[in-house]
Amino acid sequence: MKTKTTSGNRQNHSSRAASSRQRTGNILVVTCVTFAVISVAMIIGYSFAGLYFVNNRLQTSADEIALAGAKKLNDRDRIGQMNNMVARCRQLVYSSRQDYEETKKVFPDLENFAEPLLTEARDSAGLLEKERQRVSSLAETEAMTAMRQRFDDVKTTYAMTLPWMKVDEPQLRDLKVGRVDDVESNVEELKHFGDLDKNDVAQGYVLDLQAPAMRLYKGELPDGMRLPGDDNDLVFKLSSLPAPVDNTIAPARVMLPNRVEPATAGNAPSAARVSLRLKVETGLGFSSGGVLHSTGAASTTGACLQQ
Amino acid sequence: MKSYRPRTKKGQVTEFGAIFSILICFVFLPLINLSFMPVRYMVAQGVFSELSRRLGHCEKYTEAQALMKNEKWWSESLAMCGVTLNKPQLELLVTTGDGARSAVFSGGNKLPDEWLPGGANSVPTPCIYSIGLSADCTIAALYQGPFAPAVIKVSAHSQWENLSKDPTSHYYFINE
């Protein structure tokens, strides 16, 4: 009897122990499942937040690179000053031609004095056109270099490998300079020669608007501006650039990429556009990833006041 | 005499299965269901940030208004994510350079002269201009069921970039 009781107690103890072990196991399983679910949720959350962060950063970098390039374009108002010189040179040739014609008619003896002045004015127009092309090319080269340098500075800061995310170095997909649509030249119509003014309006060289609108010469005309009469062979080209309005100079700024148009050949660009791509992988337990794209654009500093 | 009978595996599975079902049905699934709300909030915040960035890069203020009205991608993205928009508002926030004073202009109100670039408040340091977008967003859980959707005010600000003047009207683009 005594033996039986002892055996019963042992049985009871072992069954309690078994039950206790089983319950502990249940909690372990539930804990593991809970932990797994929370871990997956956290990885998804971190990946999502990481993608969002990286995408914003890429966009900021694209804007920053475009702005660095745009600022170089009109560095020290070189495009603005060149536009002003071209417009005035055109007037000088027109004026010299008028003087020459008048001298020839009224003072024929002085024709030999007037002719070199006209030739000089015409030569200066040719030289100025060459210099304008050189400045345009220089501005473009310097802007491209500035953008590439900025990109090189930025790209090394991207690569990172985290348990839930892997980010590569960004790649430069596209680098362009151009002009902002609807922006004309910075030069206001020069009003000293009535006939020339009428010709410019008739030819559509000037924005024919009523006051208080500024009557600006149009920027980047496909065939440039020409003079009436014998000097029709000379071409005067003005680049597109924001004009100073009431002594307010347009600051360089980031803008919407779709406003940037390609600059016509030979004209100085006034806006920059950059496209970046970045390969990103997220760690969701399997390989998942994609490529982020960002495009930034910026307009250069507007022209300063005419000295 | 009370006797203890060892539980069979079948019984344990049945007991554990019931608890597990309760855990899934009443804890995990509602939690997963509700966890869509912060995700949707983040999506809404992201969409607002992107839109405000684009608005800040517009040429004119009216162009920004038109962009907000005409562009469909952002409202469609939010609708797809189960976020309903109520009265989205566009506003201009101007802060003095030292951050001491600020003013909000909404509803298409023009900036008074003192708050314009070069105005009285821009001396000695220029003011900072930003465009803001805000709306009451109704964010629902994945399966609404007994959970009422949360109404959260989502807003985002971005710097206004174009501080130049229009050569046609001589007004600042920010006031056009």
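Counting restarts for each chain: residues are numbered from 1 in the order of the written sequence. Both sets of labels track the order of writing: A upward for chains, 1 upward for ligands. The predicted origin of the model limits local features to residues at a pLDDT of at least 70 and limits the giving and counting of side-chain atom pairs to 80 or more, whereas totals for whole chains, interfaces and linings rest on all residues. Hydrogen atoms and water are omitted, and side-chain values are computed over all heavy atoms in the structure.

### Here we look at the overall build of chain A
So, point 1. On a plain count of helices and strands, chain A comes out with four helices and seven strands.
So, point 2. Counted from the first residue to the last, chain A has its helices and strands arranged as α-α-α-β-β-β-α-β-β-β-β.
So, point 3. Two residues form a contact once any of their heavy atoms are found within 4.5 Å. Pairs at least 24 apart in sequence give 77% of the contacts found in chain A among residues at least 6 apart.
So, point 4. Per-residue accessibility takes into account occlusion by the displayed protein chains alone, with areas from the Shrake-Rupley method and a 1.4 Å probe. As displayed, chain A offers around 16400 Å² of accessible surface, 55% of which is attributable to carbon and sulfur atoms. Secondary structure elements are defined from DSSP: runs of H or I of at least 4 residues count as helices, runs of E of at least 2 residues count as strands, and each element is numbered from the N terminus.

### Some points on the packing of aromatic side chains
Residue and element names in this part refer to chain A.
So, point 1. Pairing of aromatic rings covers Phe, Tyr and the six-membered ring of Trp, with a centre-to-centre limit of 6.5 Å; geometry is then stacked below 30 degrees between planes, edge-to-face above 60, and tilted otherwise. Throughout the structure, instances matching the rule amount to three aromatic pairs over all chains.
So, point 2. Each ring, one from tyrosine 46 and one from tryptophan 164, has its centre 4.7 Å from the other, and the planes form 25 degrees; the classification is stacked. Taken together, the residues span a long stretch of sequence, with tyrosine 46 in helix α1 (residues 2-73) and tryptophan 164 in the loop between β1 (160-162) and β2 (165-167) at a distance of 118 residues.
So, point 3. Any residue under 20% of the maximum accessible area for its type is buried, any over 50% is exposed, and the rest in between are partly exposed; the area is computed with a 1.4 Å probe on protein chains only. For tyrosine 46, a relative accessible area of 41% corresponds to the partly exposed category.
So, point 4. A relative accessible area of 24% places tryptophan 164 in the partly exposed class.
So, point 5. With a centroid separation of 5.5 Å and an interplanar angle of 70 degrees, the aromatic rings of tyrosine 94 and phenylalanine 193 are classed as edge-to-face. Of the two residues, tyrosine 94 is situated in helix α2 (residues 78-106) and phenylalanine 193 in the loop between β3 (171-180) and α4 (194-203); the sequence distance between them amounts to 99 residues. Each member of the pair tyrosine 94 and phenylalanine 193 is classed as buried.

### Digging into the interface of chain A and chain B
One widely used convention gives an interface's size as the accessible area the parts lose upon coming together.
So, point 1. Counting from both sides, the interface comprises 33 residues of chain A and, opposite them, 30 residues of chain B.
So, point 2. Note on chain A versus chain B: buried area summed over both sides is about 2900 Å², and carbon and sulfur give 62% of it.
So, point 3. Within this document, salt bridges are pairs made up of a side-chain nitrogen of Lys or Arg and a carboxyl oxygen of Asp or Glu, the two lying within 4 Å of each other. Our enumeration of links across chain A and chain B arrives at five salt bridges.
So, point 4. Its salt-bridge partner being B:Arg53, residue A:Asp63 comes within 3.4 Å of it at the nearest N-O pair.
So, point 5. Elements with a minimum of two residues in the side of chain A that touches chain B: α1 and β4 (253-255) of chain A.
So, point 6. Counting residues per element, the side of chain A that touches chain B draws most heavily on α1(A), which supplies 17 residues.
So, point 7. Note that Gly is not counted as nonpolar here; it falls among the polar residues with everything else outside the nonpolar set of Ala, Val, Leu, Ile, Met, Phe, Trp, Tyr, Cys and Pro and the charged set of Asp, Glu, Lys and Arg. Taken together, the residues that form the side of chain A that touches chain B break down as 19 nonpolar, eight polar and six charged. When two components associate, each loses some accessible surface as probed by a 1.4 Å sphere; the sum of these losses over both components is called the buried area.

### Digging into the pattern of salt bridges
So, point 1. Tallying each qualifying case throughout the model produces 27 salt bridges over all chains.
So, point 2. A:Asp231 is the partner of A:Arg122 in a salt bridge, and the nearest nitrogen-oxygen pair spans 2.6 Å. A residue pair is termed long-range when its members are at least 10 positions apart, and A:Arg122 in helix α3 (residues 111-155) and A:Asp231 in the loop between α4 and β4 qualify at 109 residues.
So, point 3. For A:Asp231, a relative accessible area of 2% translates into the label buried.
So, point 4. With a closest N to O distance of 2.8 Å, A:Arg253 and B:Glu59 form a salt bridge.

### A closer look at the pairing of strand β2 (residues 102-106) of chain B
All names here are of chain B.
So, point 1. Burial along β2 is one-sided: the face carrying Ala103 and Phe105 is buried and the face carrying Ser102, Val104 and Ser106 is not.
So, point 2. Here, any two strands with at least 2 DSSP bridges between them count as paired. In the sheet, strand β1 (residues 83-95) pairs with β2 via five bridges, with the strands oriented antiparallel. Paired with leucine 92 across the bridge in β2 is phenylalanine 105.
So, point 3. Counting the residues between successive antiparallel strands, the hairpin from β1 to β2 contains six residues, one of them, glycine 99, with a positive phi of roughly 75 degrees.

### Here we look at the nonpolar core
So, point 1. Throughout, nonpolar core names a set of buried Ala, Val, Leu, Ile, Met, Phe, Trp, Tyr and Cys residues whose side chains join them through atoms within 4.5 Å. Ranked by internal contacts, the top residues of the largest apolar core, which has 37 residues, are B:Phe48, B:Leu55, B:Leu90, B:Leu111, B:Ile131 and B:Ile174.
So, point 2. Contributions of two or more residues to this core are made by α1 (9-56), α2 (61-70), α3 (73-80), β1, β2, β3 (128-139) and β4 (150-159) of chain B.
So, point 3. Counting residues per element, this core draws most heavily on α1(B), at seven residues.
So, point 4. Excluding residues within four positions of it along the chain, B:Leu111 makes contact with B:Leu92, B:Val94, B:Phe105, B:Leu116, B:Tyr129, B:Ile174 and B:Asn175.
So, point 5. A:Ala139, A:Val154, A:Val280 and A:Ala298 belong to the second largest nonpolar core, which has 29 residues in total.

### Things to note about the packing of α2(A) against α4(A)
Residue and element names in this part refer to chain A.
So, point 1. At a minimum axis distance of 11 Å, the contact between α2 and α4 shows a crossing angle of 125 degrees. Of the possible angle classes, the one that applies to α2 and α4 is oblique. As α2 runs across α4, the sense of the crossing is right-handed. Residues Arg90, Gln91 and Tyr94 of α2 touch α4, and the partners they reach there are Asp195, Leu196, Asn199 and Asp200.
So, point 2. Here the contact of α2 with α4 is built from residues that sort into two nonpolar, two polar and three charged. Note on geometry: axes are C-alpha line fits, over the in-contact stretch for helices, and angles between N-to-C directions span 0 to 180 degrees. Working definition: roughly parallel below 35 degrees, roughly antiparallel above 145 degrees, roughly perpendicular at 65 to 115 degrees, and oblique for all remaining angles. Note on convention: the crossing is left-handed when the near helix lies turned anticlockwise from the far helix by less than a right angle, right-handed when the turn is clockwise.

### Quick notes on the state of the cysteines
All names here are of chain B.
So, point 1. Criterion for a disulfide: a pair of cysteine sulfur atoms at a distance within 2.5 Å. Inspection of every chain in the model, using the stated rule, returns zero disulfides over all chains.
So, point 2. The structure places no disulfide on cysteine 81, whose sulfur is separated from the nearest cysteine sulfur, that of cysteine 137, by 11 Å.
So, point 3. For cysteine 81, a relative accessible area of 23% translates into the label partly exposed.

### Digging into the confidence of the model for chain A
Residue and element names in this part refer to chain A.
So, point 1. Summing up the model confidence of chain A, the mean pLDDT is 87 and the portion of residues at 70 or higher is 89%.
So, point 2. Least confident of the elements in chain A is α1, whose mean pLDDT is 75; most confident is β4, at 96.
So, point 3. Per-residue confidence from the predictor is reported as pLDDT, a score between 0 and 100. Considering only residues more than four positions removed or in separate chains, one finds that residues 1-7, a stretch of pLDDT under 50, has zero contacts.

### Observations regarding the pairing of β1(B)
So, point 1. Relative to β3(B), β1(B) runs antiparallel, the two being bridged by 11 bridges. Bridging across to β3(B), B:Val94 finds its partner in B:Tyr129.

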